[in-house]
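Inside the fold
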Amino acid sequence: MIKEFLKKRWPFYLAGILTLIVVDTLQLIIPKFISRAIDGLNVETPDVSLAKLMALGIIGIAVGMFITRFLWRIFIIGNARKFTYEARNLLYDKILSLDMSFFDKHRSGDLMAHFTNDMNNLERMLGPGIVMMVDAVFMSSITLFFMSTSVGWHLTLVAIVPLPIIAIISLIFGKFIYKRSRKVQDTFSDLSGFTEESIDGIRVVKTFSILPKFQEIFADRSFRNFRAMISLIKVWGVMWPLIHFVSSLSYFLTIAYGGPMVINSKITLGEFFAFNNYIGMIVWPLTAFGWVINIVQNGRASYSRILKVLNTMPKVQEPENPVEIGKIKSISIKNLSYSYPGEDRFVLKNVNMFIEEGQLIGIVGTVGSGKSTIVKIISKLYPVERNRVFINGVDINDISSEVVRTKISYVPQETFLFSSTVKNNIAFGVEEFNEMKVKEYAMLSAVHKDIERFPKGYDTVVGERGVTLSGGQKQRITIARALMRDADVYIFDDCLSAVDPETEEQIIESLRRSMQNKTMVIITHRLKVLQDADMIYVFDEGKIVEKGKHHELLENNGLYASMYKKQLIKEEL
Ligand SMILES: Nc1ncnc2c1ncn2[C@@H]1O[C@H](COP(=O)(O)OP(=O)(O)OP(=O)(O)O)[C@@H](O)[C@H]1O
């Protein structure tokens, strides 16, 4: 990625480096001018006009530096920003293209860190890192050249003896600073993660009356962050005085050796002055030398982390020549045994199912028996081997994910609403819609009346900055959203658990009535709502242990019948 970027943008870097060298050189000319002015004034007949000319020259240089400084920033720092801008977009697109198995294994906090910390490290390497490299190489050499032309090599060599220590100090301290900065960042994300989680879960925290424990944890994390910051400040606090101490040694040697040279008229006062200025100026490029190594190391580590994500291949592969399937008329699953990617345990064992157009299919069973897994596979959210799952007789692996996801509308267990209006949440992902449709599906999901009672009806903002919805309202809005998509198959994965049984029954009944040509798959724990289902599959420990219509399963007197009886007893209590 960096190589391609450099291939494309190298002229900008070249222009930036050249202007930076010009700035460095201009900067070094100023002491020369001052030196000439001092020497012009430090004679028996002072030459004021020379001093004036030099002063004008310095202003000219300052204008030149103003322009060139602006230019290198635009070229180099602008280039680095352009890189992270492109890299962020690339990374975002990549992450969105990956399937659920990727998100199961990566915490969102870690993914966020790629967009923040890693991108910052890369930006630092390709922006300030390049500037420091140029300064370290060019500015230090040009400064040495200017030093020697002012006072000759002898004094220059004596004065610079301590200076390499500056590069060593900055290299060693740079490592410490990096480690400590990481610690500050890590402890800070620990602290903010905990703060966010405890505020998000404040209702649970309060009901468990464990506030003191939380306060203790917060205080502890906050203290760890504070300690990390103090430790970082200490390193900075030692590094700069040390660098200044070393540069003072150079001043000491200059005065000790150079002073007598001025007295003996081997060099002029002006040259001596300029030389002292150069010592001050060479400190930065030598410090930059140590910094740049650390910056490049960190940048490379971040780069490899980002490349790892960019090189991740989705487990759900897209077919090279996708088969068009038209309207979904059947879904069949044949002898499917399934384990999640990277896992050994089979969560589905020899599952066989057949779903036909227009049917209402119920999936019920014990907790963790594989009900959600089967519908996620049908929705192509997880990969599956060939010859196991077919839509209209075509292997699901030969159908593009996009086609599957437009024709199958899946409502997961977890509800998620965006911080936008109710209307936008229902019409999410539908480019052109009319408000009548939004209302129609809200009515079908039995949430229309609730919405009308909101302060601004369908224009009410929900979520963090808006109205707070009950769990059941959220679920029903999510169902309305799924219905807005004109799909062939609707899968409701236990998404009515927060709605009372009567409303759940009413929703399913009205969906059935108004969407007769659509196929519906309902995963539920409330068996009563499946009385009219065309087929019910009963799962236990990854296997289908029973199948049939409601009354057939009751007659069977198996798992379904016993679950149903238990529910009836509960209702009566
Ligand atoms: N992404 C995943 N990676 C690995 N294992 C998983 C993953 N999702 C679910 N499982 C495991 O697969 C098994 C079946 O899970 P699934 O969610 O399909 O059950 P379920 O019948 O829908 O359960 P519930 O009624 O509680 O919703 C469980 O043992 C679960 O731990």
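Residues numbered from 1 in each chain as written. Predicted model: local features only at pLDDT ≥ 70, side-chain atom pairs only at ≥ 80, totals over all residues.

In terms of helices and strands, the chain carries 19 helices and 10 strands. At 36 Å, the chain has a C-alpha radius of gyration far larger than the 25 Å of a compact globule built from 573 residues. With the principal axes as the frame, the chain shows a C-alpha extent of 120 × 60 × 50 Å. Residue pairs in contact within the chain that sit at least 24 positions apart in sequence constitute 77% of those at least 6 positions apart. (Helix = DSSP H or I, 4+ residues; strand = E, 2+ residues; numbered from the N terminus. Rg over C-alpha atoms; globule rule 2.2 N^0.38 Å. Contact = placed C-beta atoms within 7 Å.)

The UniProt record annotates "transmembrane region" (unreviewed entry) at residues 12-30, 50-72, 125-147, 153-173, 235-258 and 278-296. Along residues 50-72 one finds 100% helix and 0% strand; the C-alpha atoms at either end are 32 Å apart. (UniProt positions renumbered as here; feature names shortened; annotations may be inferred.)

According to the domain assignment, the chain consists of domain 1 (2-310) and domain 2 (330-416 + 489-572). Computed over C-alpha atoms, the centres of domain 1 and domain 2 are 59 Å apart. (Domains from an automatic or database assignment.)

Looking now at the site of the ligand. Around the ligand, a shell composed of 13 residues is seen, among which Y340, V347, K371, S372 and T373 lie nearest. Here the shell around the ligand takes three residues from helix 11 (residues 371-378), the largest share from any one element. Of the residues assigned to the shell around the ligand, the class counts are three nonpolar, six polar and four charged. (Near = placed C-beta within 6 Å. Nonpolar A, V, L, I, M, F, W, Y, C, P; charged D, E, K, R; others polar.)

Excluding glycine, most residues fall at negative phi; most peptide bonds, likewise, are trans. Non-glycine residue N387 carries a positive phi angle of around 65°. Tracing the backbone shows N387 in the loop between helix 11 and strand 4 (389-391). If you check the backbone angles, N557 has positive phi at about 60° while not being a glycine. Along the polypeptide, N557 turns up in the loop between helix 18 (550-556) and helix 19 (559-572). For N557, a count of 10 C-beta atoms within 10 Å puts it in the exposed group. (Buried ≥ 20, exposed ≤ 12 C-beta atoms within 10 Å, placed from the backbone.)

An α-helix turns once per 3.6 residues; consequently, residues spaced three or four apart project the same way. Those residues of helix 14 (residues 435-444) lying buried are V438, Y441 and A442. Buried residues of helix 14 fall within an arc of 105° about the axis and therefore sit on the same side. The first or second residue beyond helix 14 is A446, which carries a positive phi of 55°. (Arc of directions from axis to C-beta.)

Bringing the sheet that holds strand 3 (residues 360-365) into the picture now. Across the sheet, six strands lie side by side as 6-7-8-3-9-10; this open sheet has mixed pairing. Edge positions in the sheet fall to strand 6 (408-411) and strand 10 (543-548), since each of these pairs with one other strand and no more. Sheet twist, expressed as the mean angle between neighbouring strand axes with direction ignored, is 15°. As paired elements, strand 7 (residues 489-493) and strand 8 (residues 519-523) share five bridges and run parallel to each other. Counted as the bridge partner of D493 is I523 from strand 8. Its contacts with the sheet put helix 16 (residues 471-484) on strand 6 and strand 7, and the angle it makes with strand 6 is roughly 170°. (Pairing = 2+ DSSP bridges. Axes fitted to C-alpha atoms, helices over the stretch in contact; angles between N-to-C directions.)

Turning next to the sheet that holds strand 5 (residues 394-395). Reading across from one edge, 2-1-4-5 is the order of the four strands in this open sheet, with antiparallel pairing throughout. Looking at strand neighbours, the two that pair on one side only are strand 2 (348-356) and strand 5, the edges of this open sheet. Here strand 4 runs beside strand 5; their pairing, made up of two bridges, is antiparallel. The partner of F390 across the bridge, within strand 5, is D395.

We now examine helix 4 (residues 108-126). Taking 1.5 Å of rise per residue, 19 residues should cover 27 Å, and helix 4 covers 26 Å from first to last C-alpha, within 8% of that figure. The largest bend along helix 4 reaches roughly 35° and is located at H114. Those residues of helix 4 not exposed but buried are H114, D118, N121, L122, E123, R124, M125 and L126. Packed against the buried residues of helix 4 are helix 2 (48-97), helix 5 (128-151) and helix 10 (269-310). (Expected span 1.5 Å × (residues − 1). Bend = angle between axes of the 7 residues up to and from the residue.)

Moving on: the packing of helix 5 against helix 10. Two elements in contact, helix 5 and helix 10, have axes separated by 7 Å at closest approach and are oriented at 155°. Overall, the two elements helix 5 and helix 10 adopt an arrangement that is roughly antiparallel. The crossing of helix 5 and helix 10 is left-handed. Grouping the constituent residues of the contact of helix 5 with helix 10 by class yields 23 nonpolar, five polar and two charged. (Parallel < 35°, antiparallel > 145°, perpendicular 65-115°, else oblique. Left-handed = near helix turned anticlockwise from the far one by under 90°.)

Let's shift gears to the pairing of strand 1 (residues 330-338). Of the pairings in the sheet, the one linking strand 1 to strand 2 comprises six bridges and is antiparallel in character. Across the sheet, I333 pairs through a bridge with M353, a residue of strand 2. Where strand 1 lies against strand 4, three bridges are found, and the strand directions are antiparallel. Directly across from I331, in strand 4, lies its bridge partner I391.

With 99% of its residues at a pLDDT of 70 or more, the chain shows a mean pLDDT of 88. Mean pLDDT across the elements of the chain ranges from a minimum in helix 8 (residues 202-207), with 75, to a maximum in strand 4, with 96. Here the predicted complex scores 0.75 on pTM and 0.96 on ipTM. (pLDDT = per-residue confidence, 0-100.)

This part takes up the pairing of strand 9 (residues 535-540). When strand 3 meets strand 9, the two strands line up parallel, connected through five bridges. The residue bridging G362 from the neighbouring strand is I536, located in strand 9. Two elements, strand 9 and strand 10, share five bridges in a ladder whose sense is antiparallel. Paired with Y537 across the strands is K547, a residue of strand 10. The antiparallel pairing of strand 9 with strand 10 creates a hairpin that spans two residues between the two strands, and E541 there sits at a positive phi of about 50°.

Inspection of the secondary structure puts I67 in helix 2. Considered as a pair, I67 and T19 are 48 residues apart in the sequence and their alpha carbons are 9.3 Å apart.

Counting residues in each nonpolar core, the largest one holds 68 residues, and the members touching the most others are I426, A480, I491, F492 and V521. Ignoring sequence-local partners within four residues, the contact set of I426 consists of V438, Y441, A442, I477, A480, R481 and M484. Formed by 45 residues, the second largest nonpolar core is a distinct cluster that contains A80, I130, M133 and I166. (Core = buried A, V, L, I, M, F, W, Y, C linked by C-beta atoms within 7 Å.)

Checked against the element boundaries, F176 lands in helix 7 (residues 164-200). Exposure remark for F176: the 17 C-beta atoms within 10 Å place this residue in the partly exposed category. Note: C-alpha distance between F176 and G193 (17 residues apart in sequence) is 25 Å.

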